[in-house]
Amino acid sequence: MEYAFEKFPDEYLNSTTILAQVYTRTGELSKATDIWKAGIQKGYAYGLNNNIYQRYFQDNSEFKILVEEETNLLATMHIEHKVLLPQNYNKKKSYPLLYIFHGNNRNIRKSEAVWQSPLMSEKFITVFLQSYMPSSSEDFRWVADDDKTRKEFQEIYDQILNKYSVDRQKIVFAGMSAGGRKAVELVMNN
């Protein structure tokens with residue numbers, strides 16, 4: 001992993017995430033915190049505030065500072081969304097609503113490139129969503145069981161229902177990989 005970190009600088013977040021996990025599990029905690037500190041300074045988030053890391057770093061004051069710094073960083077980031085209305089959209093007609101969640105290491109632009117069809121563009125209001133948590137300089141990832149995602153998605157959901165003419169009996173959540181998992185998680189939690 002150290003070799004991959006040096007040889008693939010474009011994969012900074014992915015390689016540092018894995019390398020810090022290796023250091024954590026092998027007891028090299030100062031190496032892990034050094035990686036996270038450098039990454040957070042670059043604007044990356046690692047999901048440090050979780051039970052797994054808390055177990056390893058429960059008495060580590062440097063780790064607690066990093067969790068606080070990462071929490072402050074994530075507070076400035078938000079879910080983005082893009083709405084595509086059907087061709088010949090008519091406010092007096094109700095349309096099915098389709099939410100698209102990108103997979104990990106993807107973004108809105110990449111989702112739009114693959115999630116398209118004549119049926120979608122003619123019949124659906126489509127909302128592309130992008131996580132607030134970066135996985136690289138241009139891509140993002142979803143984190144399981146995340147309160148901020150639930151809260152911000154609910155705000156987007158309510159905004160779409162209030163702004164557009166939606167058939168509330170035909171709302172679909174879809175996504176690939178981690179995006180599919182996020183779609184199911186949000187549906188199962190109302």
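Summary of the structure given here. (Residues numbered from 1 in each chain as written. Predicted model: local features only at pLDDT ≥ 70, side-chain atom pairs only at ≥ 80, totals over all residues. Heavy atoms only, no water.)

### Description of the pattern of salt bridges
Pairing is possible between side chains that carry opposite charge, provided their charged atoms lie close to one another. Tallied over the entire structure, the rule returns eleven salt bridges. With a shortest N-O distance of 2.5 Å, Arg-150 and Asp-147 are connected by a salt bridge. Note that Arg-150 and Asp-147 are positioned in helix H8 (residues 147–163) at a spacing of three residues, about one turn of the helix. The exposure class assigned to Arg-150 is partly exposed, which follows from its relative accessible area of 22%. Between Glu-185 and Arg-150 there is a salt bridge, with the nearest N and O atoms lying 3.5 Å from each other. A residue pair is termed long-range when its members are at least 10 positions apart, and Glu-185 in helix H9 (residues 178–188) and Arg-150 in helix H8 qualify at 35 residues. (Salt bridge = Lys/Arg side-chain N within 4 Å of Asp/Glu carboxyl O. Helix = DSSP H or I, 4+ residues; strand = E, 2+ residues; numbered from the N terminus. Buried < 20%, exposed > 50% of the residue type's maximum accessible area, 1.4 Å probe, protein only.)

### Structural notes on unusual backbone geometry
With a phi angle near 50°, Asp-145 is a residue other than glycine that sits in the positive phi range. The phi dihedral of Ser-177 is positive, around 55°, even though this residue is not glycine. Classification of Ser-177 by relative accessible area gives exposed; the value is 62%.

### Some thoughts on the packing of aromatic side chains
Taken as a whole and judged by the stated rule, the model has 17 aromatic pairs. Seen in terms of ring centroids, Phe-153 and Tyr-157 are 5.9 Å apart; in terms of plane orientation they differ by 45°. Their pairing is tilted. Of this pair, Phe-153 and Tyr-157 both sit in helix H8, separated by four residues, roughly a single helical turn. The class of Phe-153 is buried, set by a relative accessible area of 6%. Among the aromatic residues, those joined into a ring-pair cluster are Tyr-99, Phe-101, Trp-142, Phe-153, Tyr-157 and Phe-173. Above the ring of Tyr-12, the side-chain terminus of Lys-42 is found at 5.0 Å from the ring centroid. Positioned over the ring face of Tyr-132 is Lys-148, at 4.6 Å from the centre of the ring. (Phe/Tyr/Trp six-rings, centres within 6.5 Å; stacked < 30°, edge-to-face > 60°. Lys NZ or Arg CZ within 6 Å of the ring centre and 35° of its normal.)

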